[in-house]
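A look at the structure
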Amino acid sequence: MSKGKSIMVDTSRCSACRGCQVACKQWNGLPGTKTKQIGTYQNPQDLSDNTWKLVRFAEGVKENGKPYWYFFSEQCRHCVEPPCVSSMEGFTKTGAVQDKQTGAVVFKSDSKKAPFDEVRAACPYNIPRQDPKSKVLFKCTMCIDRITNNKIPACVQSCPTGAMAFGDRDVILEMVMKRVEVLKKTYPKAMALNPEDVRVIYIVTDDPKKYHENAAA
Ligand code: SF4
Ligand code: SF4
């Protein structure tokens, strides 16, 4: 496989506008989710078969007593060696494919033949979701239909703060490392999350567990 593509998600620049969340639904024709107010800004509560991108909101108090409010624009990480694809082997050969040029991991309709619980458990980031009626599994596609037509993913296109970037993997990796070095001057805990293992590379400025329990593998 070529080195493929990658996405940077710099959480230090995210304003939680949810533009990416909405753009994902618009481009992929995904319906809205009925939600209810539970006392936080988290809306909807979780990823689902028709919510593939979700801005997670995390509130807490740091060791120094200061409150924090962290945003984590979650999606499939498009693992370099995807365990979800391996977990479907033996059940279906076509339920999940890894695009040779880009490295994008895409679920297909035959994913309904794979045991959902096993596929979900195989994912280090708890990403796959299942349509309860059709049993087909869904998640972010890296906008494979856009990126193979020389367009950038819809979520990246929509981001108004520059928190997201898309490009060749080596270029994005270099961008990520440079940004982490800059952030470390202000935030000593700044880091990239599993950059060697995933194509969607998050940058955080604090312990990843403070953002979301599955932020890092
Ligand atoms: S993050 Fe999960 S669903 Fe996405 S490619 Fe990796 S294992 Fe598969
Ligand atoms: S890359 Fe495309 S499918 Fe994936 S989260 Fe972004 S908009 Fe949604």
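Higher on the page you've got the structure.
To start, this report covers the structure provided alongside it. Nothing here was measured: the structure is a model prediction, and the numbers come from that model.

**Topic: the site of ligand 2**
In the vicinity of ligand 2, the contacting residues are C24, N28, W52, K53, Q75, C140, T141, M142, C143, P153, A154 and C155. Secondary-structure elements contributing two or more residues to the shell around ligand 2 are α1 (19-28) and α5 (154-158). The residue makeup of the shell around ligand 2, split by class, is eight nonpolar, three polar and one charged.

**Here we look at the site of ligand 1**
Neighbouring residues of ligand 1: 14 residues in total, closest C76, R77, C79, C84 and C123. The class makeup of the residues in the shell around ligand 1 is 11 nonpolar, one polar and two charged.

**Observations concerning the pairing of strand β10 (residues 200-204)**
The element β10 is largely enclosed, with a buried count of five among its five residues. Of the two faces of β10, the one holding V200, Y202 and V204 and the one holding I201 and I203 are both buried throughout. Sheet topology places strand β1 (residues 5-10) next to β10; four bridges connect them, and they run parallel. When the sheet's bridge partners are listed, D10 is paired in β10 with I203. Sheet topology note: the strand β9 (residues 191-192)/β10 ladder contains two bridges and is antiparallel. Paired with M191 across the strands is V204, a residue of β10.

**Brief notes about the pattern of salt bridges**
Applying the stated criterion across every chain yields a total of 12 salt bridges. A salt bridge links D10 to R179; its shortest N-O distance comes to 2.6 Å. Here R179 lies in helix α6 (residues 169-186) and D10 lies in strand β1, a separation of 169 residues in the sequence. Each member of the pair, D10 as well as R179, is classed as buried. For the salt bridge of D46 with R56, the shortest nitrogen-to-oxygen distance reads 2.9 Å. Placement of D46 in the loop between α1 and β2 (54-61) and of R56 in strand β2 is noted, with a sequence separation of 10 residues between them. Its relative accessible area of 8% is what places R56 among the buried residues.

Criteria and cut-off values
- Residues numbered from 1 in each chain as written.
- Chains lettered and ligands numbered in written order.
- Predicted model: local features only at pLDDT ≥ 70, side-chain atom pairs only at ≥ 80, totals over all residues.
- Heavy atoms only, no water.
- Near = heavy atom within 4 Å.
- Helix = DSSP H or I, 4+ residues; strand = E, 2+ residues; numbered from the N terminus.
- Nonpolar A, V, L, I, M, F, W, Y, C, P; charged D, E, K, R; others polar.
- Buried < 20%, exposed > 50% of the residue type's maximum accessible area, 1.4 Å probe, protein only.
- Pairing = 2+ DSSP bridges.
- Salt bridge = Lys/Arg side-chain N within 4 Å of Asp/Glu carboxyl O.

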